[in-house]
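Residues per chain, in single letters:
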Amino acid sequence: MASPVIISATAKHTATIIFFHGLGDTGHGWASSMAAVRSSHIKVICPTAPTMPVTLNAGFRMPSWFDLRSLDSTGPEDEEGIRRAAAMVHSLIAEEVAAGIPTKRIVLGGFSQGGALAMFSSLTFPEPIAGIIAMSSWLPLHNKFPAEAIGNKDTPLLQCHGNCDPIVPYRWGQMTASLLKQFMTQAEFKTYNGMMHTSCEEEMHDVKRFIEKVLKP
């Protein structure tokens, strides 16, 4: 895997955001956006996914956290790849802990496939983290929940979705939100009118507010 893009804290480093990009992107794609919404005590890590053939894109190789096999919410999923990616996320958390940042001072977030990875990795991680941000995404292996959720059921989650998303259907976001509400105590689902598979100023403002709330100085 390529080295992650790291934006160091500009004050004393006491918290970390690990943010995962969407399919075909790199860590650079979100680094400046996340740097713009974090406070000075927060370090930002934006890893780049390994390059692999993606079934949904006719087998073309591109940065992807796991294989995407179907655009149907009941279609086949790359369970092995999803679990392997989550193990990688857990090792990134362990590196921050080893550097002196407790799990409760770490936020996992991501856009699209990256948000899917952030949600799955958080719920399959036994230690409590500070918060979860999922933008325009869905919960992978949703049929295995809530049984798979071994941690972070009480962790604040900000789930954002545009209601005109042509790539990850808004309905997927809604279905994910209603599933999460069954076992998560602080899950919030926000809809952005007219937004497609992208982000907007209002959404980034909400993300900034969420980060300020869960990662106070």
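The notes below deal with the structure included here. (Residues numbered from 1 in each chain as written. Predicted model: local features only at pLDDT ≥ 70, side-chain atom pairs only at ≥ 80, totals over all residues. Heavy atoms only, no water.)

## Quick notes on helix 3 (residues 113-123)
For clarity, the cut-off: Whether a residue is buried, partly exposed or exposed follows from its accessible area with a 1.4 Å probe, protein chains only, as a fraction of its type maximum: under 20%, in between, or over 50%, in that order. In this description a helix means any DSSP run of H or I spanning at least four residues, a strand means any run of E spanning at least two, and both kinds are numbered starting from the N terminus. Residue contacts are defined here by distance: any two heavy atoms, one from each residue, within 4.5 Å place the two residues in contact.
Among the eleven residues of helix 3, eleven are classified as buried, and the element is accordingly described as predominantly covered. Elements that come into contact with the buried residues of helix 3 comprise strand 2 (15-20), helix 2 (79-98), strand 6 (106-111), strand 7 (131-135), strand 8 (157-162) and helix 4 (170-181).

## Section: the nonpolar core
In plain terms, the rule: Nine residue types can take part in a nonpolar core, namely buried Ala, Val, Leu, Ile, Met, Phe, Trp, Tyr and Cys, and a core is a set of them joined through side-chain atoms within 4.5 Å.
Ranked by internal contacts, the top residues of the largest apolar core, which has 42 residues, are F20 and F66. Mapped by element, the contributors of at least two residues to this core are strand 2, helix 2, strand 6, helix 3, strand 7 and helix 4. At seven residues, helix 2 tops the list of elements feeding residues into this core. Here F66 is in contact with M52, D78, G81, I82, A85, Q113, A116, L117, W138 and P140, once residues within four sequence places are set aside. The next biggest cluster of nonpolar side chains, apart from the first, holds 27 residues, and it includes A15, M34, M195 and I211.

## Description of the pattern of salt bridges
As a reminder, the rule being used: A side-chain nitrogen of Lys or Arg and a carboxyl oxygen of Asp or Glu constitute a salt bridge if their distance falls within 4 Å.
As enumerated under the stated definition, the model contains ten salt bridges in all. A salt bridge links R83 to E148, with the nearest nitrogen and oxygen atoms 3.0 Å apart. One end of the pair, R83, is in helix 2; the other, E148, is in the loop between strand 7 and strand 8, and 65 residues separate them in sequence. By relative accessible area, which is 30% here, R83 ends up partly exposed. Since its relative accessible area comes to 22%, E148 is described here as partly exposed.

## Observations concerning the layout of surface pockets
The line we're drawing: Every definition here rests on a 1 Å grid over the protein atoms only: cavities are sets of points where a 1.4 Å probe fits but cannot get out, pockets are open sets enclosed by protein on both sides within 12 Å along at least five of seven lines, and lining residues have some atom within 4 Å of a point. Grid points are joined across faces, edges and corners, and a volume is the space filled by probe spheres set on the points. Under the grouping applied here, Gly and all other residues not named as nonpolar or charged are polar, the nonpolar ones being Ala, Val, Leu, Ile, Met, Phe, Trp, Tyr, Cys and Pro and the charged ones Asp, Glu, Lys and Arg.
Here the largest pocket defines a volume of roughly 490 Å³. For the lining of the largest pocket, the leading source of residues is helix 4, giving four residues. Looking at the lining of the largest pocket residue by residue, the class counts come to 16 nonpolar, ten polar and five charged.

## Examining the pairing of strand 9 (residues 187-192)
To keep it simple, the criterion reads: Here a strand pair is declared whenever DSSP counts at least two bridges between the two strands. By definition, the crossover connecting two strands over a helix is right-handed if that path, from the first strand to the second, turns clockwise as seen with the strands pointing away from the viewer.
Looking at chain direction, strand 8 and strand 9 are connected through six bridges and run parallel. By the bridge assignment for strand 9, L157 is matched with A187. A crossover links strand 8 with its parallel partner strand 9, the connecting element being helix 4, and its sense is right-handed.

## Some details on the packing of helix 2 against helix 3
Which entries qualify depends on this criterion: For every element, the axis is a line fit to its C-alpha atoms; helices are fit only across the contacting stretch, and the angle between N-to-C directions ranges from 0 to 180 degrees. Each angle gets one of four labels, with under 35 degrees taken as roughly parallel, over 145 as roughly antiparallel, 65 to 115 as roughly perpendicular, and the rest as oblique.
Interhelical geometry of helix 2 versus helix 3 gives an angle of 75 degrees and a closest axis separation of 9 Å. For the element pair helix 2 / helix 3, the angle class is roughly perpendicular. Facing helix 2, whose interface residues are I82, R83, A85, A86, M88, V89 and H90, helix 3 presents L117, F120 and S121. Residue classes in the contact of helix 2 with helix 3 are distributed as seven nonpolar, two polar and one charged.

## Brief notes about the sheet that holds strand 9
Read across the open sheet, the seven strands follow the order 1-3-2-6-7-8-9; overall the sheet is mixed. Two strands in the sheet have a free side with no partner beyond their single neighbour: strand 1 (5-7) and strand 9. Neighbour to neighbour, the strand axes of the sheet diverge by 15 degrees on average, direction disregarded. With four bridges joining them, strand 7 and strand 8 adopt parallel strand pairing. By the bridge assignment, I132 is partnered in strand 8 with L157. Across the sheet, helix 3 is in contact with strand 2, strand 6, strand 7 and strand 8; its angle to strand 6 comes to roughly 145 degrees.

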